[in-house]
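# Summary of the model geometry
Residue strings, one per chain:
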Amino acid sequence: MDLVNHLEDRLLFAIPKKGRLYTKCVEILNGSDIKFHRSQRLDIALSTSLPIALIFLPAADIPMFVGEGKCDLGITGYDQVREADIDVDLPIDLEFGKCKLQVQVPARGTYKDPKELIGKTIVSSFTNLASKYFADLEGVSVDKMTTKIKYVGGSVEASCALGVADAIVDLVESGETMRAAGLTDIATVLDTSAYLIQSKNPKSNKEIIATIKSRIEGVMAAQKYVYCTYNAPKSNLKTLLKVTPGRKAPTIQEIDDEGWVAVSSMIIRKEKGIILDQLKKEGATDILVFEVSNCRV
């Protein structure tokens, strides 16, 4: 089947084809009920649940495809958007793939401040961001800076040990790779995470774009929150509601027990242990927590 002939009536959605972002992207798409089957031989997959064609591209190329209007939506790192220097909307921070673009030097070396690297050689796969950073340190435009920025597409962390660079600018997540290479960070150029990005001039129906964004927001909320219910004494209701204020407001219902009400509220998942302890301490009973598989917010 010639997939290209089936794309005209579909929204084009660019997804990283591999790497650290791909697996999480697929989880979000599945959670958003955007069903598809990807053939190993093709970088295009048609959704069977919505009029969408998923285009699998290198993460670094996605800002260009979305910025130029070839794709209406995409998922990529904020670092890639800034590196490409292309104007796109950033409607949703997907809050995964979090890391820092950092200036790194040999841990046993003499460099302690990035200003000491002015006029030196820096290796990075983010040459635009690195150039702007060091130009700002020098107080000049990029074309007048004395610091040399060289491009390396992979294994950037080996550049110092091989004598190619005095320092590197590279992404750091856990820091294990950096430390294993004998490097340490001395400055952060950029904090980054994965974003849903959108073309400034989308070609597709605004309704389908709104639907996709709403579904992804629902998945994000379901990952962030759990649903908590409990019985609360009216005498201490005000204090208990401060513990569980909900996203907007909790739901309160009268029950067949004088002096008591039932309270339902979304609470932040990572804080649920502390919240349940506080509820118990303040007199709440029958406290239950439920998983939220999906929602609309």
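Here, the structure is the one placed above.
Residues numbered from 1 in each chain as written. Predicted model: local features only at pLDDT ≥ 70, side-chain atom pairs only at ≥ 80, totals over all residues. Heavy atoms only, no water.

## Some remarks on the environment of G175
Looking at where G175 falls in the secondary structure, it is placed in the loop between β9 (167-172) and α5 (176-180). Overall, the relative accessible area of 5% leaves G175 in the buried class. Linking G175 and D185, residues 10 residues apart in sequence, is a C-alpha distance of 9.1 Å. (Helix = DSSP H or I, 4+ residues; strand = E, 2+ residues; numbered from the N terminus. Buried < 20%, exposed > 50% of the residue type's maximum accessible area, 1.4 Å probe, protein only.)

## Brief notes about the sheet that holds strand β2 (residues 44-46)
Taken in spatial order, the six strands line up as β2-β3-β1-β4-β11-β5 in an open sheet, and their pairing is mixed. In this open sheet, the two edge strands, each paired with only one partner strand, are β2 and β5 (89-93). Shown here is a sheet whose adjacent strand axes are inclined to one another by a mean of 25 degrees, direction ignored. As paired strands, β5 and strand β11 (residues 194-198) are joined by three bridges and run antiparallel to one another. Pairing of I92 across the sheet is with L196, part of β11. (Pairing = 2+ DSSP bridges. Axes fitted to C-alpha atoms, helices over the stretch in contact; angles between N-to-C directions.)

## Details of the nonpolar core
Counting residues in hydrophobic clusters, the biggest one holds 27 residues, and the most contacted among them are F13, L94, I212 and I216. Secondary structure elements with two or more residues in this core: β1 (11-16), α1 (22-31), β3 (52-57), β4 (73-77), β11 and α6 (206-224). When residues of this core are assigned to their parent elements, the largest contribution, five residues, is made by α6. What I212 contacts, discounting residues up to four positions off in sequence, is L11, F13, I34, I52 and L73. (Core = buried A, V, L, I, M, F, W, Y, C linked by side-chain atoms within 4.5 Å. Contact = heavy atoms within 4.5 Å.)

## Description of helix α4 (residues 127-138)
Spanning 12 residues, α4 covers 16 Å between terminal C-alpha atoms, matching the ideal 16 Å at 1.5 Å per step. Of all the positions in α4, only T127, L129, A130, S131, Y133, F134, A135 and E138 are classed as buried. After α4 finishes, the residue G139 shows a positive phi value of roughly 75 degrees. (Expected span 1.5 Å × (residues − 1).)

## Thoughts on the sheet that holds β9
As summarised here, the arrangement of the five strands in space is β8-β7-β9-β6-β10, forming an open sheet in which the pairing is mixed. Of all strands in the sheet, those bounded by a partner on one side alone are β8 (148-151) and β10 (183-192). Each strand axis lies, on average, 30 degrees off the axis of its neighbour in the sheet, ignoring direction. In terms of strand pairing, strand β7 (residues 121-124) meets β9 through three bridges, oriented parallel. Each residue of the ladder has a partner; that of V123, found in β9, is I168.

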